[in-house]
Amino acid sequence: MPFAPRHLFPLATLLCGLAVAAPANAASTGLNISAYADAPQAVQQGAEQVRFFVPWRNFEPNSPRDFSARGPVAPSPLVDDLKIYVNRVRAAGKTPIMVLLDAPDWASSVADARPHKPPANATDFSAFAGELATWLHQKDGPAPVYEVWNEPDAADFWGGAPDVDLYTALLRNSYTAIKAGDPRALVLTGPTTGNNYAWIESLYARGAKGFFDGVAVHTDTACSIVGPDVFYRDPATGRLGRYTFLAYREVRASMLANGDDKPIWMSEIGWSTTSAVCASGDSAGKKAGGVSEADQAEFLSKGFACLANDPY
């Protein structure tokens, strides 16, 4: 986290209080799962969306011939499980979210053993995205949602220095391919690390408008241990800092400035309850990595109360 939160935002606290008393809109809740077989439990716990991580490298490890619009060419329990559990989520009337990420070795621009690898080009990735959408397409039930990569603005998840030009091409091509495979599907931008409105603005500047149905953000980053009503401002711009929960409103402002009135999806939101010391960002080793369960519940309630004021 480049700047430490340091002030209370009284207006936001007041709005949150009003929302608790009389919510005008309810943001639906979801759960991220680490194993596909966890999907039924997520539904049982009340998730309206279930978020699946779909590493491209698992589906086409050796070549693009490993997977097609009809599914895996050879038997593959890991790949088959995705469709099984996505269909269970849809049968329950809930929405599956697919996070497409991680290039296989043959399609990456790097050759080392890093955990996440960037694609060498937009064409191979978007071809896979279209095949996956075709394979998962159904005429009935909730349509899947696709996130094109995960935190492409962060070196850790992109697999190297973020490349906004390549990512914009990836997003545009994937949107077209996914819609061709499943016209009902929704396509989101790759969720940003924090409310990174500067990254979203850079996508608009490169022609991304019209190639996504919503903007995804993550507000669970940098070992946050303060409530959603705490904020800091970027000293260079005066705007709410990207790691401020309420800076989703800055994302909204950037979208409206580009003539875009689409939804914002918080596909990761939360406060960790770990007792470990923070291990990420500028605060690594300098503060706690999580909060108590009581604070976690309070912060989540306040966060959703804030969101109830903003129907987008």
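Refer to the preceding data block for the structure.
Each residue is numbered by its place in its chain's sequence as written, counting from 1. With the structure being a predicted model, the display of local features is reserved for residues of pLDDT at least 70 and the display and counting of side-chain atom pairs for 80 or more, all residues being used for whole-chain, interface and lining totals. Computation of side-chain values covers all heavy atoms of the structure but excludes hydrogens and water.

Engineer: What's the story with the overall build of the chain in this structure? I'm lost.
Structural biologist: Going along the chain from the N terminus, every DSSP run of H or I of four or more residues is numbered as a helix, and every run of E of two or more is numbered as a strand. When you go through the chain residue by residue, the secondary structure sums to 10 helices and 12 strands. Across its three principal axes, the chain shows a C-alpha extent of roughly 55 × 40 × 40 Å. Every one of the 312 residues in the chain was classed for burial, and the buried ones make up 50%. A separation of at least 24 residues holds for 71% of the contacts in the chain among residues at least 6 apart in sequence. Carbon and sulfur atoms make up 55% of the accessible area of the chain, which totals about 13500 Å². Neither His nor the chain termini are counted; the positive set is Lys and Arg, and the negative set is Asp and Glu. A single reference atom marks each charge: NZ on Lys, CZ on Arg, CG on Asp, CD on Glu. Measuring between centres, the 26 positive side-chain charges of the chain sit 4 Å from its 33 negative side-chain charges. Buried residues are those whose accessible area, probed at 1.4 Å on protein chains only, stays under 20% of the maximum for their type, while exposed residues exceed 50% and partly exposed ones sit between those limits. Here, residues are in contact when the closest pair of their heavy atoms is within 4.5 Å. Residue exposure ignores everything except the shown protein chains as possible cover, and the areas themselves are Shrake-Rupley values with a 1.4 Å probe.

Engineer: Please clarify how the side chain of serine 174 should be interpreted in this entry.
Structural biologist: Within the secondary structure, serine 174 sits in helix H7 (residues 164-181). A distance of 2.7 Å separates a polar atom in the side chain of serine 174 from the backbone oxygen of leucine 170. N or O atoms within 3.5 Å of each other form a polar contact, as long as, within protein, one can give a hydrogen and the other can take it, and as long as residues adjacent in sequence are counted only when both atoms are side-chain atoms.

Engineer: So what exactly am I meant to see when it comes to the packing of aromatic side chains here?
Structural biologist: Working definition: an aromatic ring pair is given by the centre-to-centre distance plus the angle between the planes. Here a pair means two rings of Phe, Tyr or Trp (six-membered ring of Trp) with centres within 6.5 Å. Their orientation is stacked below 30 degrees between planes, edge-to-face above 60, and tilted elsewhere. This structure, assessed with the given rule, holds 18 aromatic pairs. An aromatic cluster is built from Trp56, Phe59, Phe67, Trp106, Phe125, Phe128, Trp135, Trp149, Trp158, Tyr167 and Trp199, whose rings are joined through pairwise contacts. Placement of a positive charge over a ring is assigned whenever Lys NZ or Arg CZ falls within 6 Å of the ring centre and within 35 degrees of the normal to the ring plane. The ring of phenylalanine 212 has lysine 262 lying over it, and the distance from NZ or CZ to the ring centre is 5.5 Å.

Engineer: How do you make sense of the sheet that holds strand E6 (residues 95-101) when you look at a structure like this?
Structural biologist: Neighbouring strands of a sheet are bound in pairs by backbone hydrogen bonds; such pairs are parallel or else antiparallel. Across the sheet, which stays open at both edges, the five strands sit in the order E2-E3-E6-E7-E8 with parallel pairing between neighbours. The sheet is open, and its two borders are formed by strand E2 (30-32) and strand E8 (186-188), each paired with just one other strand. For this sheet, the mean angle separating the axes of adjacent strands, direction not counted, is 25 degrees. Only the stretch in contact is used when fitting a helix axis, every axis being a line fitted to C-alpha atoms; angles between N-to-C directions are given from 0 to 180 degrees. Against the sheet, helix H5 (residues 122-136) touches strand E3 (49-55), E6 and strand E7 (145-148), its axis set at about 160 degrees to E6. The pairing criterion for strands is at least two bridges between them, as found by DSSP.

Engineer: Just checking my understanding: could you explain the environment of glycine 141 for this structure?
Structural biologist: With respect to the element layout, glycine 141 can be found in the loop between H5 and E7. Overall, the relative accessible area of 37% leaves glycine 141 in the partly exposed class. With 46 residues separating them along the chain, glycine 141 and threonine 95 place their C-alpha atoms 8.6 Å apart. Once residues lying within four places of it in the same chain are set aside, the contact partners of glycine 141 are Arg90 and Arg184.

Engineer: For this particular structure, what's the right way to read H7?
Structural biologist: Working note: α-helix, 3.6 residues per turn, so residues spaced by three or four point in the same direction. The end-to-end C-alpha distance of H7 is 25 Å, a good match for the 26 Å that 18 residues give at a rise of 1.5 Å each. Taken together, the buried positions of H7 are occupied by Val164, Leu166, Tyr167, Thr168, Leu170, Leu171, Ser174, Tyr175, Ala177, Ile178, Lys179 and Gly181. Residues of H7 that are buried sit in contact with E6, H5, E7, helix H6 (155-158), E8 and helix H8 (197-205). By the N-cap criterion, in which a side-chain oxygen at the helix start approaches the backbone nitrogen of a residue two or three places on, H7 is capped by aspartate 163, the distance to aspartate 165 being 3.2 Å. An expected span of 1.5 Å times one less than the residue number is assigned to each helix.

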